[in-house]
Amino acid sequence: MPPVVLPAIPQRITVHLGSPSSYAANVTVPFIDYVKNVASSEIYPTWDESALQANILAIVSFALNRVYTEFYRSRGYDFDITSSTAIDQAFVNGRSYFDNISRLVDNLFNDYLRRPGFVEPLAAKFCNGTTVTCEGLSQWGSQNLAEQGLSSIQILRNYYGNVEIVNNAPIRGITSSYPGTPLRRGSSGPAVVVVQVELNRISQNYPSIPKLANVDGIFGSRTEAAVRRFQEIFNLTPDGIVGKATWYALVRLYTAVTNLSELRSQGQQFYSINWEYPDPIQEGDSGDKVRHLQYMLSVLSAYIQNIPSVAVDGIFGPATRDTVVAAQRWFGLPETGQVDDRTWDEIYDQFAGIENTSLRDGEVFPAIRPTAAAQSAMAVMAGNNRNRYSKTTTLRQFPGENLQLGRQDPIVQEVIR
């Protein structure tokens, strides 16, 4: 099993005293002092303790997400976060701290929020809830809930949904993820795992990047080929070597395609899981392999009407069994409800085909029926042979008759009529 990559609390954090592109100074402070500064600038020390704790945990989690995803450093900046409240958190260089807030931060600065099953710290966005509202936590709203007797975790779940608190995260001095030396064929270890996982996920959006069947931490010829193709696509020197420029391009693209720096993140769920067949999976099982299975089934259900949707919760219950039975029926396999090697292979093969070819082109495979205006526009361009079939519906099952030389589909107006 490849090593698991988990976040750590940085000893120090560098803050840009302005918006990202503004000409302003950078200051580097201990992470614990940064949290005390922001908390003293963002919230009122007279609030109930549960509201203060909820806000501090949101502040820690958001800042840690910025550090963990290297949101700014992967874009070439020399800082981790800004003091701009429009995009980050309030930081007033040199300010004093409130005593009660300082004591709470001493106990909470190395705790953070995440969603169950996810790796990355939650990008716990917030706003004051009066002059500005947002999807995340309302600061004044959190105080109102505290006055009603809610605990800090109840307040947080009221705004962020199902979250959990990671306690006593490790503290690390180095905040840069780059391993310090280029990775090339023959390299191995956790840094190679990171590269392989990022390439596999980015390849879902850029299918010409070859997928890596084994995330094993070994930089072999297949990893080299995938790196070289990534470099070609993003105008980097195509040498198959992961230097600093390629490393941070991978970080930037991986963060973007998974929305790791957003409140509604796709989440890092399968960092240490490869695509190989596990032991048989059946009702009553739980864990990452079940979650992996459910993820593939959820993709299939969006494209195959006969396979019902399933929640990706890592628990193999009756609903997951029903979906497995439906998939087995679709593939012509014994309807046992147990995922053996044949069932896993069929599900994976269909999933891989969808991921690599059809899922990523919303123009060619629209998820919903076109509007009347869109249909009108398509009718105008129907005479253009190049665009003639560009608005067909999602790929479906065998049409029921053989396709042979000379066969033509109806023009686009007839397809969407």
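Attention in this report is confined to the structure presented alongside it. Along each chain, numbering runs from 1 in the same order as the chain's sequence is written. In view of the model being predicted, local features appear only for residues whose pLDDT reaches at least 70, and side-chain atom pairs are presented and counted only at 80 or more, with totals across whole chains, interfaces and linings using the full set of residues. Computation of side-chain values: all heavy atoms of the structure, hydrogens and water removed.

### Some words on the side chain of threonine 69
Point 1. In this text, helices come from DSSP runs of H or I with a minimum length of four residues, and strands from runs of E with a minimum of two, each type numbered from the N-terminal end. Here threonine 69 lies in the loop between helix 2 (49-68) and strand 4 (81-82).
Point 2. A distance of 2.8 Å separates a polar atom in the side chain of threonine 69 from the backbone oxygen of asparagine 65.
Point 3. In this description, contact between two residues means that some pair of their heavy atoms is separated by no more than 4.5 Å. Beyond its immediate stretch of four places on either side in the chain, threonine 69 contacts Ser74, Val251, Thr255, Leu260 and Ser261. As used in this structure description, the phrase polar contact means that two N or O atoms lie within 3.5 Å; if the pair is within protein, one of them must be able to donate a hydrogen and the other to accept it, and residues adjacent in sequence are counted only when both atoms belong to side chains.

### Points about the nonpolar core
Point 1. For this analysis, a nonpolar core means a set of buried residues of the types Ala, Val, Leu, Ile, Met, Phe, Trp, Tyr and Cys, connected via side-chain atoms within 4.5 Å. Only protein chains enter the accessibility calculation, which uses a 1.4 Å probe. A residue is then buried if its area is under 20% of the maximum for its type, exposed if over 50%, and partly exposed in between. Grouped together as the largest cluster of nonpolar side chains are 45 residues, with contacts concentrated most on Phe31, Tyr34, Val35, Ile56, Leu156 and Tyr160.
Point 2. Counting only elements with at least two residues in this core, the list comes to strand 2 (12-16), strand 3 (26-30), helix 1 (31-42), helix 2, helix 3 (99-108), strand 5 (112-114), helix 4 (139-147) and helix 5 (152-160).
Point 3. Ranked by residues supplied to this core, first place goes to helix 2 with twelve residues.
Point 4. Apart from residues no more than four positions distant in its own chain, tyrosine 34 is found in contact with Ile13, Val15, Val29, Ala63, Ile81, Gln89 and Phe91.
Point 5. Counting residues in hydrophobic clusters, the runner-up holds 26 residues, among them Val192, Val227, Trp247 and Val257.

### Describing the environment of leucine 64
Point 1. Considering the arrangement of structural elements, one finds leucine 64 in helix 2.
Point 2. Sequence separation between leucine 64 and alanine 8 is 56 residues; the distance between their C-alpha atoms is 8.3 Å.
Point 3. Beyond its immediate chain neighbours, meaning those up to four positions away, leucine 64 contacts Ala8, Ile9, Pro10, Tyr112 and Pro121.

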